[in-house]
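# Chains, contacts and geometry: an overview
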Amino acid sequence: MSPLDLARWQFGITTVYHFLFVPLTISLVFIVAGFQTAWYRTDNPKYLKLTRFYGELFLINFAMGVVTGIVQEFQFGMNWSDYSRFVGDIFGAPLAIEGLLAFFLESTFLGIWIFGWDKLPKRVHLASIWITAIGTALSAFVILAANAWMQQPVGSVVNTAAGRAELKDFFAVLTNPTVMWAFPHVIAGAFMTGGAFVLGVAVWRLLRRATDDPAPFRIAAKVGATALLVGGLFVLVTGDQLAKHIATDQPMKLAAAENLRTTEKSAPFSLFTLWDPSGNEIVSIQVPDMLSMLATNNVDGTVQGIDNLQVQYAAQYGPGDYSPSVPVTFWSFRLMIGAGFLAALAGLWFLWRMRKGGLPGRGAVATALVLPLLPLAANSLAWIFTEMGRQPWIVQGQLLTSNAVSPSVGSLEVAITLVGFTLLYGGLAAIEVGLLAKRIRGEIVDETSGADSTAQPSPFAY
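Presented here is a report on the structure given in the accompanying data block. (Residues numbered from 1 in each chain as written. Predicted model: local features only at pLDDT ≥ 70, side-chain atom pairs only at ≥ 80, totals over all residues. Heavy atoms only, no water.)

### Concerning the layout of surface pockets
The test is simple: Of the two site types, the cavity is a set of points on a 1 Å grid over the protein atoms alone where a 1.4 Å probe fits but cannot get out, and the pocket is an open set with protein on both sides within 12 Å along at least five of seven lines, each lined by residues with an atom within 4 Å of a point. Grid points are joined across faces, edges and corners, and a volume is the space filled by probe spheres set on the points. Strands here are runs of E lasting at least two residues and helices are runs of H or I lasting at least four, both read from the DSSP assignment and numbered beginning at the N terminus. Three residue categories are used. Nonpolar comprises Ala, Val, Leu, Ile, Met, Phe, Trp, Tyr, Cys and Pro, charged comprises Asp, Glu, Lys and Arg, and polar comprises the others, including Gly.
In this structure, the largest pocket spans a volume of roughly 1,600 Å³. What lines the largest pocket is a set of 47 residues, among which F11, T15, H18, Q72 and I143 lie closest to the centre. Those elements giving two or more residues to the lining of the largest pocket turn out to be α1 (3–19), α2 (22–42), α3 (45–78), α4 (81–115), α5 (122–151) and α14 (373–388). Considering every element that reaches the lining of the largest pocket, the biggest residue donor is α1, with 10 residues. Residue classes in the lining of the largest pocket are distributed as 27 nonpolar, 13 polar and 7 charged. Its boundaries defined by the atoms lining it, the second largest pocket holds a volume of some 1,200 Å³. Forming the boundary of the second largest pocket are 47 residues, of which H185, V235, G239, M336 and I337 lie nearest the centre. Looking at the lining of the second largest pocket, the elements with two or more residues in it are α5, α7 (177–207), α8 (215–249), α9 (251–258), β4 (269–275), α10 (290–296), α12 (326–353) and α14.

### Re the pattern of salt bridges
Our working definition: Basic side-chain nitrogens of Lys or Arg form a salt bridge, by our definition, when they fall within 4 Å of a carboxyl oxygen of Asp or Glu. Buried residues are those whose accessible area, probed at 1.4 Å on protein chains only, stays under 20% of the maximum for their type, while exposed residues exceed 50% and partly exposed ones sit between those limits.
Across all of its chains, the model carries 7 salt bridges by this definition. Measuring nitrogen to oxygen at the nearest pair gives 2.5 Å for the salt bridge that ties E56 to R439. Of this pair, E56 sits in helix α3 while R439 sits in helix α15 (residues 411–441), and the two are 383 residues apart along the sequence. Residue class for R439 comes out buried when judged on its relative accessible area of 6%.

Structural measurements only, silent on function.
Here it is, written out as structure tokens:
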């Protein structure tokens, strides 16, 4: 394999792996802050138990997210030096905000929250977790703003003599139309992930009788199911608006997602399509006019096709293939929607079964264990669709991925680091799962007696 192919595989593997922790971190910190706020206002020990219990799970996930995220920064310089040179003037400010302000903001106040339980007034301690949550959301926003610039370069010009993009309007970068819809879409997907996790853990503990006091976990299960369902509704709304924006600004991505070869009015939406090795359709199930409705709000709307766009781009940018991998884009889009829909449906089912104090049947244990994986899969598939659908561009219309890789890095060097990172991340996955499983199985501290009924040590000491 070429250095380019290996570098893409490495970045894809490490990025998708890192993003497993991101949505869970974003949502869990807000859910934990919500539990602590309820405890502050009611002085009900059930909410304090939930704050400490899910707070420890959040800390485990946060730590793993930081460790895996560091690799992302190094890869820009190691494998993608030409890309770093091209975007450096644009990315400098957002990454500085993320690193110097947002990350240090959340890390500092998270440390205050961890060690300030018995040392700070309750109101100040509560404020520390909310500031951490705000810092987490701010980090997500500036990173998404940088990514949105790659999808839709605004507020900048390309200096052809220097071979790099130059920033002209930082406010335009931060208010990129793409990030205005991508940010709420990602946050909504994060709350689906956190809600499914909180719900799955709570249901497992309730049905396996892993707690002496089921009342807190009944609350957690309802909170998790509600977050999952509401997050799913917001994903639907924001995803619809984001798709309409993509139809205008990245029409090739939408055309590939639907395998629409030629420009059509009243274009159909393909529910299921299979191809033979030559790329010919074997079977396709379609809904008439639906794609035009989704893309333009008009059943008679025109949607551009892959072949027509290829001719247009070849005339605009020069000879080359400007279409992404259709099977990858097509199926990542549908699997993303399917996984998200099943997760939201499961949240609705759990809410229904838990009405009036009821519990789902014991068969729901398996569902509770699998449930958090559905929105995690949907989030990962969404990023695969977003990035693969933009190919062959790494910066839409300005820099090809093939021109962004480090020219001095060879296949052997990238292959060694690819294998090394993969093995390292496999080990981290085992540690993450082990720590989470140990804490989920353990008991939470009874704040009225100060004793832990199972005497199992916590992975974090308060």
